[in-house]
Amino acid sequence: MKPLDRKLLRDLWRVKGQALAIALVIAVGVLMLVMMDGLVNSLEETKRAYYERYRFADVFAPVKRAPAHLLKEMAEIPGVAAVQGRVVGGALIDLPGIAVPIRAQAVSLPDVGTPRLNDIYLAEGRRINSEHDDEILLLEGFAKAHALTPGDELSATINGVRRVFRIVGLAQAPEFLYAVAPGELAPDDARFAVIWMSETALGAAYDVKGAFNEALLSLTRDAELSDVLARLDRMLKPYGGLGAYGRAEQLSNRFIGEEINGLKVSSRAVPPVFLAVAAFLLSIVISRMILSERGQIGLLKAFGYSNWKVGAHYARFVLAIAVGGALLGCLSGVLAGRSLAVVYQSYYKFPFLVFQVAPGAFLVGVVASVLAASAGGIFVLRKVFALTPAVAMSPPTPPDYSRSAQLGELLTAVLDQPSRMVVRRLTREPGRAATAVLGIAAGMALSVAMLSVMSGFDETVELSFSVIDRSDVTVSFNEPLSDKAILELQRMKGIIEAEGFRVVPAVLRNGRYSYRGAVSGLVAEPRLNRVVDAEMAAVFVRRDGLILTAALAKLLHIEAGEVLSIEVREGRRPVLELPVVGVAQTLLGATAYMEISALNRVLMEPNRVSGAYLRIDGQRSEALYRQLKDMPAVAGVSLRSEARAAFKKLLDTSAGAIRYVMAAIAALITFGIVYNSARIAFAERARDLASLRVIGFTRGEAAFVLLGELALITFLALPVGAVLGYYLSLLVAEGFSTDLYRIPALVVPQSYGIAAIAVLVAAVASGWLVKRDVDRIDMVFALKTRE
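Residues numbered from 1 in each chain as written. Predicted model: local features only at pLDDT ≥ 70, side-chain atom pairs only at ≥ 80, totals over all residues. Heavy atoms only, no water.

Chemist: Would you mind going over helix H13 (residues 417-428) with me for this structure?
Modeler: An α-helical turn contains 3.6 residues, so any two residues separated by three or four positions project in the same direction. For H13, which comprises twelve residues, the first-to-last C-alpha distance of 16 Å matches the rise-based estimate of 16 Å (1.5 Å per residue) to within 8%. Of all the residues in H13, the buried ones are Pro418, Ser419, Arg420, Val422, Val423, Arg425 and Leu426. (Helix = DSSP H or I, 4+ residues; strand = E, 2+ residues; numbered from the N terminus. Expected span 1.5 Å × (residues − 1). Buried < 20%, exposed > 50% of the residue type's maximum accessible area, 1.4 Å probe, protein only.)

Below you can see the structure in the form of structure tokens.
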């Protein structure tokens, strides 16, 4: 083994603790990058494979009732590869011991064979036998939530008729990855079910026997989606077509897509911040480590080693730490990404998982780490190489402090000798102190940002279900009813207040930008479910036009004062041209709002409501729920408490779950920064500390000179870290926000306090570890000079 190789191994062993701390800082930065990349790629690849294996449709065409022979005409549309008709509809499930009716969607399956499109994944049991019209398949998530198994019976009301069905199997399907009831925001396995029945049985229940009320189409690769949709709309218009739409607008796919897009945004915004902070700190740490090797560099040059060989030796020293940390980060990132992908697989009910990390993520992580480490080392090596061997081997010439800033008489009188040494060190080397302060501040900023975002998630839940939605129950009707239904509800025992609303499904279009959603009609001054702005002030809906949420306005590229086209997808299906009179910075959803009477007027359907928000007497809730369950006009009942729990689960188990991992990584980086700062300061001042011991300083006094400097730097870093953390929290909060919800960037004193305490705890722990080395310092070895 060559001498420089042996020296490399000895050096790495000598600084093993410090090298490990640096490697861990690199590792967590790379881990974040690889983990997020693996998570996003895995979800996208799993979704693609699932859609492909079970033939998820490209186009959905709902209609009131259309004859089966139209399916052949649809198959002849250019670009159409396959067509299938089916029957779908709403249902209510009645479970023993549960007073609130549970909403469900009934979907038909072919009487013979498997579906050409939108096939199911049979998780348990067997497929239905079309000869037995009471056999059903049940959505697995709902069945597990209520401990239902094949062989159990289930009572459900379909099209106003209550029947008892026999469960023969449990299933999943690509179109119900995000199984959410109409009008709800978050999925809840216990509150929404899917029932699959034979086409004959379900067609008879909805009086569409020999017909269909939804067509599914798959397209060829060269198909023009807009042309296919236009042809379908013209074909189905005489039969009550409700507007064909592509896979991108399908409810489950859209929600899954928004979640994955949210993760993409987070993966592009947050990991680079972590990696940049780690790289910056790495360059500082490496530069100071190599500077402390000045004497050994001079000795190597004196023995005839060229600058190139010495540089190559220290390059390998840096690369060993950087590459080791990067590889550890890659491995940890794969493990963490796979673990998180399993969480998503469980939440979104993927029957399998295809885990995949793009090679570019590994490359970026390793290259960024190596470049950051090399930048710090090269900068210092250039300065040392400029010195002759004799000068480099000598201790650095003491700086001339005769004209530097002197301590004031007051400080001189107040501070003892060790304290004055600490202050002089900082004032006479402001550049080094500034980099140390900035390094610790950057670590604290990461902690502040992640804690603030975690508070933002909690605040979103609190505001959404306490300030915005102040109702107890939401009742939805099967179809728009006269507003006299609100008066009937108000007369029911247990209802304190009722507030009607209108929801009109529509395609909102602004030029080439469109969004399939709804227009919500609210009373002029709503009390139970309000629209609020970013400051939580009430935004009153207007009679003269629409108020859009900021997320919707961004999607449609529209501003207040412009006109929006509304293609209504119910009733007479008019096309409305309505002005946008305002944009509200709300936290949830992409919605358009209008005053309910004005909305009914432009629809030429006066005095209609789609449902009601209720405030109820909790002591009479059970009797009220049973009464609502028996009302034929009621399509569903939603409790705010259950909606809140479902939304909280959505934030904690979907994209929001990443925030816990990021918070832990931020804490690790913070500790690594503080510990490295302490270790490097000790390495730089080992000779000075030994000199102090020789001239009579006690162990405590010598340690105070070093640790006092660390304490001052740490305290100076706290306000800087707080300021950096505020701006970083804005960036991270934007990265976590999606079209489904917005995460506010909050200034929460607790976040800053916890981050500051974390830094102080890290400083105390690092100081304790370094003090052990100060107490064990070999004074004779440290005082030796290589002259």
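Read on for the rest.
Chemist: Can you help me understand unusual backbone geometry in this one?
Modeler: A negative phi angle characterises most non-glycine residues, just as the trans form characterises most peptide bonds. Despite not being glycine, Ala147 shows a phi value in the positive range, around 55°. Structurally, Ala147 is set in the loop between helix H4 (140-145) and strand E7 (153-158). In the Ramachandran plot, Asn607 falls in the positive-phi region, its phi being about 60° despite a non-glycine side chain. Inspection of the secondary structure assignment puts Asn607 in the loop between helix H17 (596-603) and strand E19 (608-616).

Chemist: Quick question: what am I supposed to make of the pattern of salt bridges here?
Modeler: Oppositely charged side chains can pair when the atoms bearing their charge come close. For the coordinates displayed, the defined rule picks out 25 salt bridges. Across the pair Arg509 and Glu567 runs a salt bridge whose closest N-O atoms are separated by 2.7 Å. Of the two residues, Arg509 sits in strand E13 (residues 495-510) while Glu567 sits in strand E16 (residues 563-568), which places them 58 residues apart along the sequence. Overlapping salt bridges bring together Glu45, Arg48 and Glu52 as one network. (Salt bridge = Lys/Arg side-chain N within 4 Å of Asp/Glu carboxyl O.)

Chemist: Got a minute to help me understand the side chain of Gln250 in this structure?
Modeler: Take Gln250: it is sitting in the loop between strand E11 (245-246) and helix H7 (251-291). A relative accessible area of 7% places Gln250 in the buried class. Excluding residues that lie within four positions of it along the chain, Gln250 makes contacts with Phe56, Phe60, Glu175 and Tyr245. (Contact = heavy atoms within 4.5 Å.)

Chemist: I keep staring at the environment of Asp617 and nothing clicks. Help me out?
Modeler: Mapping Asp617 onto the fold places it in the loop between E19 and helix H18 (621-629). In this structure, Asp617 is in contact with Gly494 and Ile496, ignoring residues within four places of it in sequence.

Chemist: I tried to follow the confidence of the model for the protein on my own but got confused; where do I start?
Modeler: Regions with low pLDDT carry predicted coordinates that are not meant to be interpreted in detail. Of the residues in the protein, 87% have a pLDDT of 70 or more, and the chain-wide mean is 81. The element-level mean pLDDT for the protein is lowest in helix H23 (residues 779-783), coming to 62, with strand E6 (residues 135-139) highest at 94. (pLDDT = per-residue confidence, 0-100.)

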